[in-house]
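Now for the letters of each chain:
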Amino acid sequence: MFSGKTEELIRRMRRAQFAKQRVEIFKPAIDVRYSQEDVVSHDQKHIQSTPIDSSASILLLAENIEVVGIDEAQFFDDGIVDVCNQLANRGVRVIVAGLDMDYRGIPFGPMPALCAIADDVTKVHAICVKCGSLAYVSHRKVQNDKRVLLGETQEYEPLCRECYQKVINNEQ
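Now for a description of the structure that goes with this document. Just so you know, these numbers come straight off a predicted model, no measurement behind them.

1. Quick look at the nonpolar core
Point 1. Core analysis: the largest hydrophobic core is formed by 18 residues, its most contacted members being Ile-58, Ala-62, Val-68, Ile-70, Ile-80, Leu-87 and Leu-114.
Point 2. Sorting the residues of this core by element identifies helix H2 (56–61), strand S5 (67–70), helix H3 (79–89) and helix H4 (111–117) as the ones contributing at least two each.
Point 3. Element by element, the count of residues in this core is highest for H3, at five residues.
Point 4. Setting aside its immediate chain neighbours within four residues, Ala-62 contacts Phe-26, Val-68, Leu-87 and Arg-90.

Okay, structure coming up:
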């Protein structure tokens, strides 16, 4: 979180629109933090999207599309990997944004498999709020063991590996 993943997705999708390519952006229907329909970055940049409940819906809704954007991919089912492969194999440019690790530093959902099949991976980092180094993890500040907990700065803070280790050692 807070690294600019969604902002970069929006930037790339806007460039494709400017180039008059046929684009479609998808997001998980559960992500209603800023908008039920738009993909919105933390700094309030936004772009129209289609909320979906299942990755299989992308194949149905992406006919005649040249560029597909997918936000918050970690929240999708594992079928998203096959969906992205199918789209890429038919010549669609697929741009995916998502968290690679959850709040405990564990690889998140389908993200490791998506990174493995990607032609190119751009890893962006937030800045540690404790020391200013590159962040390693989005540390959850609230007590909740659910893996998926939508939130913002009240619930999460980006921490580097060293600061994260200090925080979790103090919590034990």
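2. Thoughts on the pattern of salt bridges
Point 1. Going through the model one piece at a time under the given rule, you end up with seven salt bridges.
Point 2. A salt bridge links Glu-8 to Arg-11; the nearest nitrogen and oxygen atoms lie 2.7 Å apart. One end of the pair, Glu-8, and the other, Arg-11, are both in helix H1 (residues 5–18), three residues apart, so they sit about a helical turn from each other.
Point 3. As a salt-bridge pair, Lys-166 and Glu-162 come within 3.5 Å of each other at their nearest N and O atoms.

3. As for the sheet that holds S5
Point 1. Strand order in the open sheet made by the four strands is S4-S1-S5-S6, with parallel pairing throughout. The outermost strands of the open sheet, each flanked by one partner alone, are strand S4 (50–52) and strand S6 (93–96). Taken pair by pair, the neighbouring strands of this sheet meet at an average axis angle of 25°, ignoring direction.
Point 2. Sheet strands touched by H1: strand S1 (23–28), S5 and S6. Its angle to S5, the strand with the most contacts, is close to 160°.
Point 3. Contacts from H3 reach S5 and S6 within the one sheet, and its direction differs from that of S6 by about 150°.

4. Focus: the packing of aromatic side chains
Point 1. Tallied over the full model, the rule gives two aromatic pairs.
Point 2. An angle of 85° between the planes, with centres 6.0 Å apart, marks the rings of Phe-75 and Phe-108 as edge-to-face. Highlighted residues: Phe-75 in the loop between S5 and H3 and Phe-108 in the loop between S6 and H4, separated in sequence by 33 residues.
Point 3. Ring centres of Tyr-136 and Tyr-164 lie 6.1 Å apart, and the angle between their planes is 55°; on these two criteria the pair is classed as tilted. Here Tyr-136, found in the loop between H4 and strand S7 (137–140), pairs with Tyr-164, found in helix H5 (residues 161–171); they are 28 residues apart in sequence, far enough to count as distant.
Point 4. Among the residues examined, Tyr-136 registers a relative accessible area of 24% and is labelled partly exposed.
Point 5. A residue is classified by how much of its surface remains accessible, and Tyr-164, at 7% relative accessible area, is buried.
Point 6. The positively charged end of Arg-140 is found above the aromatic ring belonging to Tyr-103, 3.7 Å away from the centroid.

The rules we used
- Residues numbered from 1 in each chain as written.
- Predicted model: local features only at pLDDT ≥ 70, side-chain atom pairs only at ≥ 80, totals over all residues.
- Heavy atoms only, no water.
- Core = buried A, V, L, I, M, F, W, Y, C linked by side-chain atoms within 4.5 Å.
- Buried < 20%, exposed > 50% of the residue type's maximum accessible area, 1.4 Å probe, protein only.
- Helix = DSSP H or I, 4+ residues; strand = E, 2+ residues; numbered from the N terminus.
- Contact = heavy atoms within 4.5 Å.
- Salt bridge = Lys/Arg side-chain N within 4 Å of Asp/Glu carboxyl O.
- Pairing = 2+ DSSP bridges.
- Axes fitted to C-alpha atoms, helices over the stretch in contact; angles between N-to-C directions.
- Phe/Tyr/Trp six-rings, centres within 6.5 Å; stacked < 30°, edge-to-face > 60°.
- Lys NZ or Arg CZ within 6 Å of the ring centre and 35° of its normal.

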